[in-house]
Amino acid sequence: MNKKICIVVDHPDRDLNGYIYLITKLNLAEVTYYLVPYYNFREIYIIKPDILILNHSRWIYSNFLKILKKLNVSTFILDTEGGMVNNSLIKEYISFSQISKNIRYIDGYFIWSEKIKKEILKIKKNLNTKKLIVTGNPRFEYMRSKKNFKSSSTILFNLNFATINPKFSTVKQEINLLKKQGKSNTYLKNYVNHQIKMQEKFIALIDYFQNKKNKTKIVVRPHPYESKKIYEKIFKKGNVEINHSRNLIDEISKSFVVIQNNCATAIDAVLLSRPSIFYQPFKSKYLDQKLISKISLICNSRDKVFSNVISYKNKKKNENINSLKMINREYSRLKGGLDIIEKTFKDHFNKEVSNVNLFKLLFKYQEFLYAVKSITKVLIGRKITNYFRSQFSKKSVSIEILENFINKDPKFKKFFKKKRISYLKKFQKNFYTIKIN
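Everything quoted here is computed from the prediction, not taken from an experiment.

Novice: Could you give an account of the overall build of the protein chain, naming the residues involved and the relevant values?
Specialist: In terms of regular secondary structure, the protein chain is built from 22 helices and 14 strands. In terms of overall dimensions, the protein chain is globule-like: its C-alpha atoms have a radius of gyration of 22 Å, near the 22 Å expected for 437 residues. If one aligns the C-alpha atoms of the protein chain with their principal axes, the spans along those axes are about 65 × 50 × 45 Å. Evaluated residue by residue, the protein chain yields a buried proportion of 56% over its 437 residues. By sequence separation, contacts in the protein chain at least 24 residues apart represent 74% of the contacts at least 6 residues apart.

Following this line, the structure appears as structure tokens:
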């Protein structure tokens, strides 16, 4: 009988390439993979996988993890957001991920780098070190495999102002979420003020580039959780395009330079052999991250940004070996991590899924109503559920989206040529689990 591996997908545009890459690299015989949308993760109760990859271990999974432990499902955390590039963020990660509380229920945390593991253990010395497995993130290893030095034609401004300009929520909700992460009122006041100020500086910078009347196309890419309405209103004329629906790898590859502030897109740019400019019109302990600034060219004026962009436009190759080494050491392992994931999975395939009464577990751990809600969404179909929660569908994976990702890469196409891709149930469309066997 085929083994089952479930992967919870939070944000397809950000994570799907990495997950597909992982599936193609795992040399595991007789395995069926399931891509489960984050907003309907309780479908996993129905699937009862042998192995589960979760996108984090935060409070929403607390009771879910306890039930999985009782069912004897091997559960691993591969955090998809990461960004733990300084000590304060490590502390925030430990607190918000509830790693101390949840480590007893999971089989392993796939940590992005040795440095991050060491920083976690400095603060939480009693954690089971065997469960902290340094693998990197498949997304970054995939990006590195896609590097190219072909000439590109656009300037990419990557923005990061989701807190003050949210797409799926309100500013108040975003601030409350940061409070849950342990941020003080004083911190939040200064953080929000600095974001507002930085957003104004970036709008002025983009306008400055537009007024130079150069023929180079400018693409402004807001954060995936950031609204683009304000930018569309300001830059409705000229050669500025506002877009965050296209795949990030494609967007960076089409650009010859990435301009950002406090954004992990700088890491993506380096992996894809594109230079990153860190626009820093003012210093901020609430925004600035050391690794991002180390791997980028820091420019504190619009003139300096513009002159360096012109310089980069004339360069044919922008490989930065030192920055790659820094990313590999401090942020995410770039090679060999997938072999470790494969070996880890093979070691856990000998476990048998328990026949414990699921209904009793659902009642015991207060999951019954949530499970019923998830199954109801499956039964009534996407049209009704999307009507009420339209943003959820935008973060779900359809077969069309998956096949579009696959068809862009010849290696993916070759691997999936012999695979069958279907929804978990025939009546499901665009909102629910995808089965790959």
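Novice: Please give an account of the pairing of strand E3 (residues 51–54) that cites residues and values.
Specialist: Residues of E3 alternate between two faces, with Ile51 and Ile53 on one and Leu52 and Leu54 on the opposite face, all of them buried. Bridge analysis of strand E1 (residues 3–9) against E3 gives three bridges, and the strand direction is parallel. Bridge pairing in E3 places Cys6 opposite Leu52. One ladder, built from four bridges, connects E3 with strand E4 (residues 74–77); its direction is parallel. Residue pairing across strands places Ile53 opposite Phe76, the latter belonging to E4. Remark: the E3/helix H3 (residues 62–70)/E4 crossover connection has right-handed handedness.

Novice: Lay out a positive patch on the surface in plain terms, naming residues and giving numbers.
Specialist: Judged by side-chain charge, Lys413, Lys414, Lys417 and Lys418 come together as a positively charged surface patch. Among the secondary structure elements, Lys413 is positioned in helix H22 (residues 410–416). For Lys413, a relative accessible area of 44% translates into the label partly exposed.

Novice: Got a sec to walk through helix H14 (residues 302–313)? Specific residues and values, please.
Specialist: Between its terminal C-alpha atoms H14 stretches 17 Å, which fits the 16 Å expected from twelve residues at 1.5 Å a residue. Buried within H14 are the following residues: Val305, Phe306, Asn308, Val309 and Tyr312. At its buried positions, H14 is contacted by strand E7 (154–158), helix H9 (185–211), strand E10 (255–260), strand E11 (276–279) and strand E12 (297–299).

Novice: Hey, could you go over the environment of Asn261 for me, with residue numbers and the actual values?
Specialist: Within the fold, Asn261 resides in the loop between E10 and helix H12 (265–271). Separated by 156 residues in the primary sequence, Asn261 and Tyr105 have C-alpha atoms spaced 37 Å apart. Not counting the four nearest positions on each side in its chain, Asn261 is found in contact with Asn158, Asn160, Met198, Phe202, Phe278, Tyr279, Gln280, Leu287 and Asp288. A polar side-chain atom of Asn261 sits 2.9 Å from the main-chain carbonyl oxygen of Tyr279.

Novice: Can you explain the sheet that holds E7? Please cite residues and give values.
Specialist: With respect to topology, six strands assemble into an open sheet ordered E9-E8-E7-E10-E11-E12, the strand pairing being parallel. Among the strands making up the open sheet, the edge pair consists of strand E9 (240–242) and E12. Strand-to-strand twist of the sheet, defined as the mean angle between neighbouring strand axes without regard to direction, takes the value 25°. Strand direction decides the pairing type here: E10 and E11, joined by three bridges, are parallel. By the bridge assignment for E11, Val258 is matched with Ser276.

Novice: Could you give an account of empty space enclosed by the protein, with specific residues and numbers?
Specialist: This structure, assessed with the given rule, holds three cavities of 30 Å³ or more. There is about 40 Å³ of room inside the largest cavity. Every residue lining the largest cavity is listed: Ile77, Asp79, Met84, Tyr93, Tyr109, Phe110, Ile111 and Trp112. Among the elements that take part in the lining of the largest cavity, strand E5 (residues 108–111) stands out by supplying three residues, more than any other.

Novice: A description of the confidence of the model for the protein chain should follow, citing residues and the corresponding values.
Specialist: Summarising the model, the protein chain shows a mean pLDDT of 87, and 93% of its residues fall at 70 or more. For the protein chain, the element scoring lowest by mean pLDDT is helix H19 (residues 382–388), at 50; E3 scores highest, at 97.

Novice: So, the side chain of Ser97: which residues are in play, and what are the values?
Specialist: For Ser97, the position within the fold is in helix H4 (residues 87–97). Only 2.6 Å separates the side chain of Ser97 from the backbone oxygen of Tyr93, close enough to count as a polar contact. Apart from residues lying up to four places away in sequence, Ser97 is in contact with Ser57, Arg58 and Asn102.

Novice: Outline the side chain of Ser284, listing residues and values.
Specialist: For Ser284, the position within the fold is in the loop between E11 and helix H13 (290–294). Polar contacts involving the side chain of Ser284 include one to the main-chain amide nitrogen of Tyr286, which spans 3.1 Å.

Novice: Talk me through the packing of helix H1 (residues 12–25) against helix H7 (residues 138–145); I want residue IDs and the actual numbers.
Specialist: Interhelical geometry of H1 versus H7 gives an angle of 85° and a closest axis separation of 8 Å. Looking at the two axes, H1 sits roughly perpendicular to H7. Residue-level contacts link Arg14, Asp15, Asn17, Gly18, Tyr21 and Leu22 of H1 to Pro138, Arg139, Glu141, Tyr142 and Ser145 of H7. Counted by class, the contact of H1 with H7 contains four nonpolar, three polar and four charged residues.

Novice: Requested: an account of the sheet that holds strand E13 (residues 421–423), with residues and values cited.
Specialist: Within the open sheet, the eight strands sit side by side as E6-E5-E4-E3-E1-E2-E14-E13. Their pairing is mixed. At either end of the open sheet lies a strand with only one pairing partner, and these are strand E6 (132–134) and E13. On average, adjacent strands in this sheet sit at an angle of 25° to one another, irrespective of strand direction. Pairing analysis gives three bridges linking strand E2 (residues 31–37) to strand E14 (residues 434–436), with the strands arranged antiparallel. Paired with Leu35 across the strands is Ile434, a residue of E14. Most of the contacts of H1 go to E1, to which it runs at about 160°, and overall it touches E1, E2, E3 and E14.

Cut-offs used in this document
- Residues numbered from 1 in each chain as written.
- Predicted model: local features only at pLDDT ≥ 70, side-chain atom pairs only at ≥ 80, totals over all residues.
- Heavy atoms only, no water.
- Helix = DSSP H or I, 4+ residues; strand = E, 2+ residues; numbered from the N terminus.
- Rg over C-alpha atoms; globule rule 2.2 N^0.38 Å.
- Buried < 20%, exposed > 50% of the residue type's maximum accessible area, 1.4 Å probe, protein only.
- Contact = heavy atoms within 4.5 Å.
- Pairing = 2+ DSSP bridges.
- Right-handed = clockwise from strand over helix to strand, strands pointing away.
- Patch = residues over 30% accessible without salt bridge, like charges linked within 9 Å, V, L, I, M, F, W, Y side chains within 5 Å.
- Areas by Shrake-Rupley, 256 points an atom, 1.4 Å probe, with all protein chains shown as cover.
- Salt bridge = Lys/Arg side-chain N within 4 Å of Asp/Glu carboxyl O.
- Lys, Arg positive; Asp, Glu negative; His and termini not counted.
- Charge placed at Lys NZ, Arg CZ, Asp CG, Glu CD.
- Expected span 1.5 Å × (residues − 1).
- Polar contact = N/O pair within 3.5 Å; in protein donor to acceptor, adjacent residues only side chain to side chain.
- Axes fitted to C-alpha atoms, helices over the stretch in contact; angles between N-to-C directions.
- 1 Å grid on protein atoms, 1.4 Å probe; cavity = no way out; pocket = protein on both sides within 12 Å on 5 of 7 lines; lining within 4 Å.
- Points joined across faces, edges and corners; volume = space filled by probe spheres on them.
- pLDDT = per-residue confidence, 0-100.
- Parallel < 35°, antiparallel > 145°, perpendicular 65-115°, else oblique.
- Nonpolar A, V, L, I, M, F, W, Y, C, P; charged D, E, K, R; others polar.

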